[in-house]
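Inside the fold
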Amino acid sequence: METILYRFNPWWEGKKAAEGKIEREKYISKFFSTLNTRDIIILTGLRRVGKTTLMKLFIDKLITFGIDAQKILYVSLDFYGLEKFSILEIIEEFYKLQSLPFSEKTYIFLDEVAYKKDFSLQLKNLYDLYNTKIFASSSSASILKDKKATLTGRERIIEILPLDFYEFLKFKNVKIKKSDAHLFESYFEKYMNIGGIPEYVLTEDIEYIKQLIDDVLYKDIAAYHNVKDKSALRDFFYLLMERAGKQISVNKLSKILGISCDTIRRFLNYFEETFMIYLVERCGKINERVKSPKKLYVGDVGIKNAITGFRDKGAIFENLVFLIIKNRHPCYIYQNGVEIDFMTEDKTLIEVKYKDTLRKKQKQLFESIQAKEKLTITSVKEFLYFLDQFNFNPPYEGEKLIPCVSLIKGKIHQ
């Protein structure tokens, strides 16, 4: 195990964890803001959205700000050579290798933690017995389903989303001057097409995104849940991508595909668990929310476009707005055949129309609804203003980090 751990942790021998990788400042800042809490930080999100890279970028930051590299452990728990070891056995080996007393403050990063049996109980034991800050990741929402409530009160979930538009420009190494503001339009069209999976943004290799889709379909879903009819699973996924931004009916999907409603519901749950889709309820009383069709949005528009082609820009534009506000738990409004896209939990009413205007009945409904704030988003300029208002603005000045932790002579308060 010693050789494996040294390979996973090159900073023990003076090397960088994420040499040449592009930072995503808003997440690094969130990680820093948790350091002076005991919470176990669980990173979730779509496969290949950048969870591993963010962990390693954060490790480099910790070392830069004075944390002893020997007190930081990273391990990917899906690694074949570690399959016979428990999380606790790996941690104990780390303490032995670095000659660390159990009272010493350490920083432990556990990638793909759900690969280990009883991981939630093992994380609880780490939390209770060790003086350590734990970051763990999983590409499946199954980690959130802690049936025995083992981690209740001990964990904090951070979902890593695909790149937003400003991050997309950074990954493309594009800096737009004020005198060239018209370029925002053309790059935004490209963003709408490619989406925000980091490696795909860098390479634009369509085979990469197709392989990602296959991995989710056949490894994360079919193999994990023992789905025998893989062709039905694939057809169902393709149909969902066609329905992005629209209301979906379990009964209609069942009739189209010739499979039972129970199977449709089960498949929907699988794709939600892997962050490939999100479902939005209709606003209203509990019975309206339960009985009404849900609206479907995709986890990344580039994945959708790889299946459907780059079309229906209005639905793509609406999907990008949803990804900005999803943590504000929006619902959609539907009255007498007229729909308004979103009402957030803080009572912001939003209608999205890409290069279009509200129809007469929509406008009447929009104006009649009571809301704290009302927004129509119809252009790239309005989208960018909206992104600035709703997005988390990290405490950064260019490449200079202003960490949200106590610093003493450049070192993190331990």
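Residues numbered from 1 in each chain as written. Predicted model: local features only at pLDDT ≥ 70, side-chain atom pairs only at ≥ 80, totals over all residues. Heavy atoms only, no water.

Describing the sheet that holds strand β1 (residues 40-44)
- Spatially, five strands are ordered β2-β3-β4-β1-β5 in an open sheet, and the strand pairing comes out parallel. The sheet is open, and its two edges are formed by β2 (72-76) and β5 (155-159), each paired on a single side. The average undirected angle you get between the axes of adjacent strands in this sheet is 15°.
- Sheet topology note: the β2/strand β3 (residues 106-111) ladder contains five bridges and is parallel. By the bridge assignment, V75 is partnered in β3 with L110.
- Where helix α2 (residues 25-33) meets the sheet, it contacts β1, β4 (132-138) and β5, and its direction lies at approximately 175° from that of β5.
- Against the sheet, helix α4 (residues 87-97) touches β2, β3 and β4, its axis set at about 140° to β3. (Pairing = 2+ DSSP bridges. Helix = DSSP H or I, 4+ residues; strand = E, 2+ residues; numbered from the N terminus. Axes fitted to C-alpha atoms, helices over the stretch in contact; angles between N-to-C directions. Contact = heavy atoms within 4.5 Å.)

Topic: the sheet that holds strand β8 (residues 294-298)
- With antiparallel pairing, three strands are arranged side by side in an open sheet as β6-β8-β7. With one partner strand each, in any of the chains shown, β6 (247-248) and β7 (277-280) form the two edges of the open sheet.
- Pairing analysis gives four bridges linking β7 to β8, with the strands arranged antiparallel. The residue bridging I277 from the neighbouring strand is V298, located in β8.
- Sheet strands touched by helix α12 (residues 261-273): β6 and β7. Its angle to β7, the strand with the most contacts, is close to 115°.

So, the packing of helix α7 (residues 183-194) against helix α14 (residues 301-308)
- The contact between α7 and α14 brings their axes to 6 Å, and the two run at 75°. Taken together, the axes of α7 and α14 lie roughly perpendicular to each other. Between α7 and α14, the contacting residues are Y191, M192, N193 and I194 on the first element and V301, G302 and N305 on the second.
- Of the residues contributing to the contact of α7 with α14, the split by class is four nonpolar, three polar and no charged. (Parallel < 35°, antiparallel > 145°, perpendicular 65-115°, else oblique. Nonpolar A, V, L, I, M, F, W, Y, C, P; charged D, E, K, R; others polar.)

Re the nonpolar core
- Core analysis: the biggest nonpolar cluster contains 126 residues, and F31, F109, L110, F271, I350 and F383 have the highest contact counts within it.
- Sort the elements by how many residues they give to this core and helix α15 (residues 313-325) lands first, with eight residues.
- Core analysis: the next-biggest nonpolar cluster, separate from the first, contains 11 residues, V338, L349, L365 and F366 among them. (Core = buried A, V, L, I, M, F, W, Y, C linked by side-chain atoms within 4.5 Å. Buried < 20%, exposed > 50% of the residue type's maximum accessible area, 1.4 Å probe, protein only.)

Description of the packing of aromatic side chains
- For the structure shown, the criterion picks out 35 aromatic pairs.
- Residues F32 and F58 carry aromatic rings whose centres are separated by 5.0 Å and whose planes lie at 85° to one another, so their mutual orientation is edge-to-face. Of this pair, F32 sits in helix α2 while F58 sits in helix α3 (residues 51-64), and the two are 26 residues apart along the sequence. The pair F32 / F58 is uniform in exposure class, with both members buried.
- Site record: aromatic cluster; members linked through ring pairs are F165, Y166, F168, F184, F188, Y191, F317, Y354 and F383.
- Here R48 stacks its cationic end above the ring of Y208, 5.0 Å away from the centre of that ring.
- In this structure, K374 is placed above the aromatic ring of F366, and the distance from its NZ or CZ to the ring centre is 5.9 Å. (Phe/Tyr/Trp six-rings, centres within 6.5 Å; stacked < 30°, edge-to-face > 60°. Lys NZ or Arg CZ within 6 Å of the ring centre and 35° of its normal.)

Describing the state of the cysteines
- Tallied over the entire structure, the rule returns one disulfide.
- The disulfide partner of C283 is C331, and the gap between their sulfur atoms is 2.0 Å. Note on the C283 and C331 pair: the S-S dihedral is about 95°, so by sign convention the disulfide is right-handed. Residue C283 is located in the loop between β7 and α13 (286-291), and its partner C331 is located in strand β9 (residues 331-335); the two are separated by 48 residues in the primary sequence. For the pair C283 and C331, one class covers both residues: buried. (Disulfide = S-S within 2.5 Å.)

That's the geometry; what it means functionally is another story.
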